[in-house]
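Breakdown of the fold
Here's the letter readout for the chains.
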Amino acid sequence: MNYNCNFYVELFKPGINPDLDCLIFKGKNRINKTDEQLLNLARKGDAESFSALVKRYETQVAATVIGMLGHCAEADDVGQETFIRFYKALHDFRGEAALGTYLTRIAINLSLNEIKRRRRRTWFFPESTDAVHHLPDENKPEDIEMIKLVHKAIGQLDSDFRAVVVLRLIDGYSTRETAEILKIPEGTVLSRLARAQKKMQTILSPFMGEKSDD
Amino acid sequence: MTRKKIDKKITDILYRSFDDELTAKEQEFLANALEHSEELRREHQQIVAMRRMISEKGGGRFEPFFSARVMQRVNAIRKSPDRAAEFFESLAYMFKRVALVGGIAVIILFSIHFIQKEDNTHLASETVSEMTLDDVLGSAFASSLEEIL
């Protein structure tokens, strides 16, 4: 059966299908809710509210995990595990820190564990690479090269330095917030940042000539 | 201060200027150094470009349907009860049963004890009533006692 575009327009019009209206209303309603409201509903067992929180913070967690591990299958697993840990600790989360910061802390710790696991794996199986790149197809070829290059530069840093770079430069946390998340003094964040940038400059500087003017 | 030390100090302040608040003196020092050094200006631009590149290309996004994958795992957890809670629940259930059986056993033991005690008292009283002076004192002693009396 062929339906033209108008059929769908009619179908999705408010008042035509009460069940659909209800679903759309609930969906919109959750988007408008604050973190605290969604958290309270999720604590009472509302799975849709937890799903709304996952969608809200997915991008932020992805930036942290992919920044730490690169584009690889493990990054997706660590991202999922971050939200599973959060789900299991829903009743313990008291809201002392912002939810985003809380999730970032979990993501960073799990990523650091994954780096340790990788190191052990590389020790036993030296052929395995640090990060297998699974870049989304939507990127342009020149972007893919640049992304690989940036991840190569980050990947050569020790995990402690990597965490500082990811939190400060990719996630955009302030120096103080970075220090709080990693539980280290601000001075240590500053010195690690400076050393990490000097190290990354050796890889990235040949490709920054044309970009530095803008 | 040697030239090398001055360079190191300027570089430190340059890097720190991106992530920390500089004092008025440090700001003036850096501005002055940038104004007079082509090399330092180039380095400043390179750091700016590098930081921009890392911030734009360093992150990423998960594969499509990430939230659906998470919710699949969440639903699996919701369906299978928590093992620790299950263990403590079964422990409490077992303790209740043990306590109940123990209570019944104690009541039974007490009952047996009392029944036996009552039997013994009854038997003892019956035995005492049927006993003669001969049984208690011995026949020889009883006969000699009778003679004296």
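In this convention, every chain numbers its residues from 1, walking through the sequence in written order. Just so you know, chain letters begin at A and ligand numbers begin at 1, following the order they were written in. Local features in this predicted model are restricted to residues of pLDDT 70 or higher, and side-chain atom pairs are both shown and tallied only at a pLDDT of 80 or more, whereas totals for entire chains, interfaces and linings draw on every residue.

This paragraph deals with the overall build of chain B. Regarding its fold elements, chain B presents seven helices and zero strands. Working definition: helices are DSSP H or I runs of at least four residues, strands are E runs of at least two. Numbering for both runs from the N terminus. Listed by position from the N terminus, the elements making up chain B come as α-α-α-α-α-α-α. Relative to its 149 residues, chain B shows a buried fraction of 11%. Burial is judged by counting other C-beta atoms within 10 Å of a residue's own C-beta: 20 or more means buried, 12 or fewer means exposed, and anything between counts as partly exposed, with every C-beta placed from the backbone.

Secondary structure assignment for chain A yields 10 helices and zero strands. In chain A, the order of α-helices and β-strands from amino to carboxyl end is α-α-α-α-α-α-α-α-α-α. Residue burial in chain A is summarised as follows: out of 214 residues, 30% are buried.

Take the number of residues in a helix, subtract one, and multiply by 1.5 Å to get its expected span. End to end, helix H2 (residues 24–36) of chain B covers 19 Å across 13 residues, agreeing with the expected 18 Å (1.5 Å per residue, within 8%). Counting buried residues along H2(B), only zero of its 13 residues qualify, which leaves the element largely exposed.

Turning our eyes to something else, we now look at the interface of chain A and chain B. Placing C-beta atoms from the backbone, we regard two residues as in contact once those atoms come within 7 Å. Contact with chain A, which involves 39 residues of that partner, is made by 30 residues of chain B. Throughout, the ten residues Ala, Val, Leu, Ile, Met, Phe, Trp, Tyr, Cys and Pro are labelled nonpolar, Asp, Glu, Lys and Arg are labelled charged, and all others, Gly among them, are labelled polar. Taken together, the residues that form the side of chain A that touches chain B break down as 23 nonpolar, 11 polar and five charged.

With that settled, consider unusual backbone geometry. One non-glycine residue, A:Lys183, adopts positive backbone phi at about 55 degrees. Take A:Lys183: there are 7 C-beta atoms within 10 Å of it, and that puts it in the exposed class.

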